[in-house]
Amino acid sequence: MQLTVALKRLFPSPSPDTTAWRIYHDAIAGIWVDHFDGRWLVQTQEDQFPGFLESLSEGVAGSIYWRPRDKAAATAPVHVSGNEVTERFVVKENGASFWIDFSAGYSCGIFLDQRLNRRWVGETARPGQRILNTFAYTGGFSVMAALAGAGTTTADLSKTYLNWTWDNFTLNGLDPHAHHGVRGDVFEWLRTFARQGRTFHGIVLDPPTFSRNGKTNFRTDRDYADLTALAAALVEPGGWILCCANTHGLTSSLFERDVIQGIRKQRRRVLSCENPGMPPEFNGDDYLKSLRVVVE
Ligand SMILES: C[S@@+](CC[C@H](N)C(=O)[O-])C[C@H]1O[C@@H](n2cnc3c(N)ncnc32)[C@H](O)[C@@H]1O
C-alpha cells in the first residue's frame, strides 16, 4: 500500500484563494486526507493510521490528525504528529472564510465535497433575492448567497450549528441580524413557509441520508420526491432548487427521477436540470448526487 500511495500525487489547491481541499483520495485503499490550511485530517477505512503518510506530509502539513471512518460520526479526530490544534481556526474557500473545529466530533465545520455547489450558489445568487438553505449545518451555502448580496434564511435542527453559521457570517463581514435563521425540522418549516405564502428564488436541499425527528422519518432513497415537492411549492417562477443527496446506494438516474417527480407533484415544470458532478479530487465513486434545477 505504501508504494501505491507514494506514487500518487497530492492534489494541489484548487485555487489561490482556497486553503481547504481534499489533498488525497483513494477509495480503494480506504484513505482520505483533507487539508485545512496546513493541517491534515486523515480518515481511514481501517482502524489503523497509515504511518507512511507522515513522510508524504513533510513540508505540506504542520499537523496531522486521524480518525477511522467507521467511527467518524461520533469521534473527534486524534492528534498524530506536529503541532496540536487546540482552538478553532479559519480556512478559505474561493475567498470565503469558514471556522473549523477539529474537536467538534460529527464533522469539523465544512463538507469539502460541496465546494463546486457553494461556488455556484455564490455565482448564481443576486442582490435582493431570497435564498433558503435547508439542513444548513454551519451555513456554507448561506454565506455564499449572502456574500453575493442575497437575503438568506438558514434552517437546521441544531442550535449549535445555527450559532456556528452566525460566526461564519461575522467572519465574512456579514451582519447575522440582517438574515434569518430558523431552528427545527426542515419538513415542518417548509410546510409553515407554504402556509405563510413565503417564497424564495433559490432553495438548497442537502439532507442527511436519514433523518428522524418527531413525526419526520426521512430517507433520501425513499422520500426525496416528497422533499422536493415541499420545496417546489416555495420556489419563485424562474427560480432554482439545488438538490443534493449524499447516498452511495442511490443511483444518479433514480435521484433525478425522484427530483423531477417532486417538482411535477406541484404542477411545476422543469426548465433545466444540470448535474455538476463532484470536485475533481473526489475521484472514483460519485457518491454525492447534485442537481441544479430551474423551475418555470
Ligand atoms: C449533511 S449535513 C448538511 C450539510 C450542509 N448542507 C453543508 O453543505 O454544509 C446535515 C444537517 O442537517 C441537519 N438536520 C438533520 N435532520 C434535520 C431535520 N429533520 N431538520 C432540520 N435539520 C436537520 C443536521 O443538524 C445537520 O446540520
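Keep in mind it's a predicted model, so treat the numbers as computed, not measured.

Novice: Account for the sheet that holds strand E8 (residues 130–133), with residues named and values stated.
Specialist: Taken together, the seven strands give an open sheet; going across it, the order is E10-E9-E8-E11-E14-E16-E15, and neighbouring strands pair in mixed fashion. Looking at the sheet topology across the chains shown, the edges are occupied by strand E10 (180–183) and strand E15 (270–274). If you compare each strand with its neighbour and ignore which way they point, the axes differ by 15° on average. Sheet analysis places strand E9 (residues 151–156) next to E10, joined by four bridges and oriented parallel. Counted as the bridge partner of Thr-153 is His-180 from E10. Against the sheet, helix H4 (residues 140–147) touches E8, E9 and strand E11 (200–205), its axis set at about 175° to E9.

Novice: How would you explain the site of the ligand if you had to name every residue and give the values?
Specialist: Lining the immediate environment of the ligand, one finds 19 residues, of which Phe-135, Tyr-137, Val-186, Asp-206 and Ser-211 sit closest. Where the shell around the ligand is concerned, the elements lending two or more residues are E9 and strand E12 (210–213).

Novice: Go over the pairing of E12, please, and point to the residues and values.
Specialist: Regular strands place their side chains on alternate faces of the sheet. Across four bridges, E12 lies against strand E13 (residues 216–219) in antiparallel orientation. Paired with Phe-210 across the two strands is Arg-219, which belongs to E13. Counting the residues between successive antiparallel strands, the hairpin from E12 to E13 contains two residues, one of them, Gly-214, with a positive phi of roughly 55°.

Novice: Can you lay out the domain arrangement of the protein chain for me, pointing to particular residues and giving the numbers?
Specialist: Assigned domains of the protein chain: these are domain 1 (2–100) and domain 2 (112–295). Relative to domain 2, the C-alpha centre of domain 1 lies at a distance of 27 Å. Residue-level contacts link 15 residues of domain 1 with 21 residues of domain 2. Elements represented by at least two residues in the side of domain 1 that touches domain 2 include exactly strand E1 (20–26), strand E6 (89–93) and strand E7 (96–100).

Novice: I'd love a proper account of the packing of helix H3 (residues 115–124) against H4, names of residues and values included.
Specialist: The geometry of H3 relative to H4 is characterised by a closest axis approach of 7 Å and an angle of 25° between their N-to-C directions. When the axes of H3 and H4 are compared, the pair comes out roughly parallel. Here H3 runs over H4; the crossing is right-handed. Here Arg-118, Val-121 and Gly-122 of H3 lie close against H4, whose contacting residues are Gly-140, Phe-141, Met-144, Ala-145 and Leu-147.

Novice: I'd like a rundown of the nonpolar core, residues and numbers included.
Specialist: The biggest cluster of nonpolar side chains holds 72 residues, and the ones touching the most others in it are Ile-203, Leu-205, Ala-231 and Ile-241. Among the elements that take part in this core, strand E14 (residues 235–246) stands out by supplying seven residues, more than any other. In this structure, Ile-203 is in contact with Leu-132, Thr-134, Ala-231, Leu-234, Val-235 and Ile-241, ignoring residues within four places of it in sequence.

Novice: Explain helix H5 (residues 159–171) to me, and be specific about the residues and the numbers.
Specialist: In a regular helix each residue adds 1.5 Å, so 13 residues correspond to 18 Å; H5 covers 18 Å between its end C-alpha atoms and thus fits that length. For H5, the full list of buried residues reads Tyr-161, Leu-162, Trp-164, Thr-165, Asn-168 and Phe-169. The arc that holds the buried residues of H5, viewed along the axis, is 155°, so those residues lie on one side. Facing away from the buried side of H5, by more than 90 degrees, are the exposed residues Lys-159 and Thr-160. Residues of H5 that are buried make contact with E7, H4, E9 and E10. Count one or two residues on from H5 and you reach Gly-173, which has phi positive near 75°.

Thresholds, definitions, all that
- Residues numbered from 1 in each chain as written.
- Predicted model: local features only at pLDDT ≥ 70, side-chain atom pairs only at ≥ 80, totals over all residues.
- Pairing = 2+ DSSP bridges.
- Helix = DSSP H or I, 4+ residues; strand = E, 2+ residues; numbered from the N terminus.
- Axes fitted to C-alpha atoms, helices over the stretch in contact; angles between N-to-C directions.
- Contact = placed C-beta atoms within 7 Å.
- Near = placed C-beta within 6 Å.
- Domains from an automatic or database assignment.
- Parallel < 35°, antiparallel > 145°, perpendicular 65-115°, else oblique.
- Left-handed = near helix turned anticlockwise from the far one by under 90°.
- Core = buried A, V, L, I, M, F, W, Y, C linked by C-beta atoms within 7 Å.
- Buried ≥ 20, exposed ≤ 12 C-beta atoms within 10 Å, placed from the backbone.
- Expected span 1.5 Å × (residues − 1).
- Arc of directions from axis to C-beta.

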